[in-house]
Amino acid sequence: MSLAPRAELQPSPTRKRIVTSLTAAAMLAAAFTPLAAIPAHAELAGRGEVDPQHGYPTWYSDGTVKLKYCYTAEDGCVSTPPNSGPASYPDNFPDEAFWFHAEASGGNLGLYEAALEGAHANEVVVDGDQMGFARLRFRLENLVIGAQYTITHPYGVHTFEAVDEDGVGIIEQTIDEGCDPEAGGPCNWDSVGAAFLGDYQLGTTATFLRQINAPAGRLGDPAIPAPVTGAPSGNNFVQVTGPNAGGPGVNTLTVDTFGIQGVISEEVDGAPSTPDLASASDSGRSATDNTTNVATPTFAGSLPANTSGTVDLIVDDAATPAVSAASTGSSYSLALTTPLSDGVHRIRARIANPAFATDPAAPEFLTSTPVTITVDTVAPTATISAPVPSNPSADTTPSFNFGSNETNSSYDCRLLPSNDVWEANCASGKTYDAQVNGVYTFNVRAVDMAGNVGTPAAHGWGIGTTAGPMGTGIQKDMNGDTNPDYIGRTSDGKLWFYPGTNNGRLNPRVNIGNSGWNAMTSLLMPGDFNGDTRSDLIASDTSGRLWLYAGAGDGRLSGRTLIGASGWNSMSELVVPGDFNGDTAPDLLARDSAGKLWLYPNNGSGGFNTKSVAGASGWNAMTELAGVGTFDAGTTNDMIARDSNGRLYLYKGNGTGGFSARAMIGSSGWNSMTSLVGPGAFDTGANNDVIARHTDGRLWLYPGNGSGLGSRIQIGHGFNIFTMIAQ
């Protein structure tokens, strides 16, 4: 009968004290004395300091080797963090891990385990619940019910009685001795070493088993059993004697290969403690996970008593220190001055070895064990996945699925305009409660473990009979809050962003371009021109090239792409009316020197399809052109134009790349305006509006009424500092 399928014989989660079955308790008590009562002749030689990063001793020593607390996949540990990211306490840390672990099995021996383990009292990673113990575990099957079996093993001799389990004789015994915080107070880690490991009478210190020809830096491989040496009892095997122990008619079973976990500690006596990444430098969701977007972090630790001289921090085993400072007696705190690159780094602290002055054969430095940190300064990218609400949609309770290019990201969500505050820890599959009819934008941004916040992804649509903005990046909305914004260039070549409010005003400006914008001859705000759901900027330069500046979704720009190699300086006016030909993508209108108006259709990914004529002639009579979106009561996108007499006309789009009849919406006086912008619905009304700058620098809002313009409202002054306004 095989052992593995029997669920009740899998490793027991119980870890404290002596664990037996009731029917075997009397036999066990007669067989051996509990480990806690054994004199301290069977114990380890010493331990390291408790690591402040996780609360366990850094190492235990058997007098021949120090074994470090092993909890990472890189070290080949039996226990590793539950998630694939770097180990961190308590966020990504195993409930139990080992300094030492030896395991053997074969035949009727389902498991022999000898270990030195650190765990948590309630099997959940909670700081303050750290506990530790020495463990012996025995599991055997296919035995004679009621018969006694003697197990001779590397750490002693035990005798048990086989009990009845579904008609099969079994032995299942676990012995754990050490310290338990539930017994009162913090764990006494010296008692853990004193409990290791046995009821034998050989020697004064219990030694660790090691595989013969073990890999460098390790006592063995836990996954590949091999012969061992170093048993303190002299028994480098497990031998079971009793009726049918080795099978029917075979009364002896011997197993002499073991899988061994034991990673040799690099910690040096008298060296500084392992550097601890300071909480202020450990950015992101946790201040203890050693994942940060701080490229010049600070590290702190302790020093041996009476330390003097210099403390160095060594990065990635470099030959020279990254930073040095005089010690402060019993501790050190050092900040790196050269930024670390993104990725995993190992940081050590070191001090001069006093013995080196008199003994050149001694190490020159005493160096700590390393701390491993991950530097991540790159923000994650959130993406919204199908299905998304149709446009328009009859569904008043919209749902969204989303993800990120970084594992372990969390998400912030908002639904504009009804839920304008970012909701943290938003889960994919987010469903909102019932919404009224209107135009909405859903935003989601990813936040990685280091605290980097990505630019929002967006989906815009309408609930009811009104469609949302064509394309998901709303024209003139550069920061994703559905409010139209304003951009201007000053004479020193700087670009300034004015976030719009939801009541027809502008918030304080933000610099989004420090220099070089004087080379541009036009600035345009087309909406989402490249199909990434964020509103963009288009600019032409003095060389006749046309550039697309992708919007970052937060009012800023994230790099430019050439979308027109030459010839754009032959155009006397560029206009972005929104979707002008009915294919849902925002387009470009351009007036040439002959007065012809051309439509450059967007190809949906940041370029153009074949141009066509939108207006055959006569457009040179107009001194200003501006796209105004759906300005009238229709559904097509429109344009306004001012003639040399100061009159303002509305040119209604026909939805297929041309115009229907024009209508005058301003009979005179518009020559006093130095710029015209169609921002969309800028005030609290539903109709699209016009913003105009006067020659005296005042900024005026002309609210749209669905067919023309209402009474103007001053929304700013001093705007004549701008040499160009983004149209």
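What counts and what doesn't
Residues numbered from 1 in each chain as written. Predicted model: local features only at pLDDT ≥ 70, side-chain atom pairs only at ≥ 80, totals over all residues. Heavy atoms only, no water. Helix = DSSP H or I, 4+ residues; strand = E, 2+ residues; numbered from the N terminus. Rg over C-alpha atoms; globule rule 2.2 N^0.38 Å. Buried < 20%, exposed > 50% of the residue type's maximum accessible area, 1.4 Å probe, protein only. Contact = heavy atoms within 4.5 Å. 1 Å grid on protein atoms, 1.4 Å probe; cavity = no way out; pocket = protein on both sides within 12 Å on 5 of 7 lines; lining within 4 Å. Points joined across faces, edges and corners; volume = space filled by probe spheres on them. Nonpolar A, V, L, I, M, F, W, Y, C, P; charged D, E, K, R; others polar. Domains from an automatic or database assignment. Pairing = 2+ DSSP bridges. Axes fitted to C-alpha atoms, helices over the stretch in contact; angles between N-to-C directions. Core = buried A, V, L, I, M, F, W, Y, C linked by side-chain atoms within 4.5 Å. Phe/Tyr/Trp six-rings, centres within 6.5 Å; stacked < 30°, edge-to-face > 60°. Lys NZ or Arg CZ within 6 Å of the ring centre and 35° of its normal. Salt bridge = Lys/Arg side-chain N within 4 Å of Asp/Glu carboxyl O. Disulfide = S-S within 2.5 Å. pLDDT = per-residue confidence, 0-100.

## Here's the deal with the overall build of the protein
Scanning the protein for helices and strands turns up 2 helices and 52 strands. For the protein, the C-alpha radius of gyration of 37 Å lies well beyond 27 Å, the compact-globule estimate for 727 residues. Principal-axis analysis of the C-alpha atoms gives the protein an extent of 110 × 70 × 45 Å. Per-residue burial for the protein yields a buried fraction of 53% across its 727 residues. The contacts of the protein with a sequence gap of at least 6 include a subset with a gap of at least 24, amounting to 55%.

## A look at the layout of surface pockets
Size it by volume and the second largest pocket reaches roughly 860 Å³. Forming the boundary of the second largest pocket are 37 residues, of which Lys68, Tyr71, Thr72, Asp75 and Thr372 lie nearest the centre. The element best represented in the lining of the second largest pocket is strand E25 (residues 371-375), accounting for 3 residues. Of the residues assigned to the lining of the second largest pocket, the class counts are 14 nonpolar, 15 polar and 8 charged. Residues lining the lining of the second largest pocket come from more than one domain, with at least three contributed by each of domain 1 (46-265) and domain 2 (276-375).

## Looking at unusual backbone geometry
Residue Tyr89 is joined to Pro90 through a cis peptide bond whose omega torsion reads 5°. You can see Pro90 is positioned in the loop between strand E4 (66-68) and strand E5 (97-106). Of note, the amide linkage connecting Ala386 to Pro387 takes the cis form, showing an omega dihedral of 0°. Looking at the secondary structure, you find Pro387 in the loop between strand E26 (382-385) and strand E27 (399-404). With phi around 55°, Asp316 is a residue other than glycine that occupies positive phi space. As for its placement among the helices and strands, Asp316 is situated in the loop between strand E20 (310-315) and strand E21 (323-326). Of the residues examined, Asp316 reaches a relative accessible area of 36% and is grouped as partly exposed. Backbone geometry places Asn408, a non-glycine residue, at a positive phi of 65°.

## Quick look at the sheet that holds strand E32 (residues 457-463)
With respect to topology, 4 strands assemble into an open sheet ordered E29-E28-E31-E32, the strand pairing being antiparallel. The open sheet terminates on both sides in strands that have one partner only, identified here as strand E29 (419-423) and E32. The mean angle between the axes of side-by-side strands here comes to 10°, regardless of whether they run parallel or antiparallel. The pairing of strand E28 (residues 410-416) with E29 spans 2 bridges and is antiparallel.

## Observations concerning the sheet that holds strand E3 (residues 59-61)
Spatial ordering of the open sheet is given by E2-E3-E4, a layout of 3 strands whose pairing is antiparallel. The open sheet has two edge strands, strand E2 (46-47) and E4, and neither has a second partner.

## Quick notes on the nonpolar core
Considering soluble globular proteins, one finds that nonpolar side chains tend to be buried as a cluster. Phe100, Tyr112, Leu116, Tyr155, Phe196 and Leu209 are the most contacted members of the largest nonpolar core, which totals 52 residues. Residues Ala271, Val315, Tyr332 and Ile373 belong to the second largest nonpolar core, which totals 19 residues.

## Here we look at the packing of aromatic side chains
Within a pair of aromatic rings, the relevant descriptors are the distance that separates the centres and the angle that separates the planes. Using the criterion set out here, one finds 37 aromatic pairs in the structure. Consider the rings of Tyr440 and Trp461, whose centres lie 5.8 Å apart with planes at 35°: the pair is tilted. Of this pair, Tyr440 sits in strand E31 (residues 438-447) while Trp461 sits in strand E32; the two residues are 21 residues apart in sequence, bridging distant segments of the chain. Each member of the pair Tyr440 and Trp461 is classed as buried. For the ring pair Tyr498 and Phe719, a centre distance of 5.2 Å and an interplane angle of 45° mean the geometry is tilted. Placement of Tyr498 in strand E34 (residues 495-498) and of Phe719 in the loop between strand E51 (713-716) and strand E52 (722-725) is noted, with a sequence separation of 221 residues between them. Overall, the relative accessible area of 11% leaves Tyr498 in the buried class. Here Phe719 falls in the buried class, since its relative accessible area comes to 6%. In textbook terms, an aromatic cluster arises when at least three aromatic residues are bridged by ring pairs, as seen for Tyr56, Tyr60, Tyr69, Tyr71, Tyr89, Phe93, Trp99 and Trp189. In this structure, Arg445 is placed above the aromatic ring of Trp422, and the distance from its NZ or CZ to the ring centre is 3.9 Å.

## Quick notes on the pairing of strand E37 (residues 536-541)
Taken across its 6 residues, E37 has 6 buried, putting it largely inside the fold. Across the two faces of E37 the burial is the same, with Asp536, Ile538 and Ser540 and Leu537, Ala539 and Asp541 all buried. Pairing geometry for strand E36 (residues 520-527) and E37, over 5 bridges, is antiparallel. Following the sheet pairing, Leu524 is matched in E37 by Ile538.

## A short note on the pairing of strand E6 (residues 109-120)
Of all 12 residues in E6, 12 are buried, a share of seventy percent or more. Bridge count for E5 against E6 is 8 bridges, and the pairing is antiparallel. Directly across from Glu103, in E6, lies its bridge partner Glu113. Linking E5 back to E6 in an antiparallel pair, the connection comprises 2 residues, with Gly107 at a positive phi of about 60°. Bridge count between E6 and strand E7 (residues 130-143): 11 bridges; the pairing is antiparallel.

## Digging into the pattern of salt bridges
Scanning the entire structure with this criterion turns up 17 salt bridges. Between Arg135 and Asp176 there is a salt bridge, and its shortest N-O distance comes to 2.9 Å. Of this pair, Arg135 sits in strand E7 while Asp176 sits in strand E11 (residues 168-179), and the two are 41 residues apart along the sequence. Neither residue differs from the other here; Arg135 and Asp176 are each classed as buried. In this structure, Arg348 engages Asp317 in a salt bridge whose closest nitrogen and oxygen atoms are separated by 3.0 Å. Taken together, the residues span a long stretch of sequence, with Arg348 in strand E23 (residues 343-352) and Asp317 in the loop between E20 and E21 at a distance of 31 residues. Each member of the salt-bridge network shares a partner with another, and the members are Lys68, Asp75 and Arg218.

## A word on the state of the cysteines
Summed over the entire model, instances satisfying the criterion amount to 3 disulfides. The residue that forms a disulfide with Cys70 is Cys77, at a sulfur-sulfur distance of 1.8 Å. Across the S-S bond of Cys70 and Cys77 the torsion is about -85°, and the bridge reads as left-handed. Exposure class is identical for Cys70 and Cys77. Each is buried. Indicated for the protein is the disulfide connectivity 1-2, 3-4, 5-6, based on numbering the bonded cysteines in sequence order.

## Quick notes on the confidence of the model for the protein
For the protein, mean pLDDT is 85; residues scoring 70 or higher make up 90% of the total. Confidence over residues 200-204 falls short of pLDDT 50; this stretch has 13 contacts with residues more than four positions distant or in other chains.

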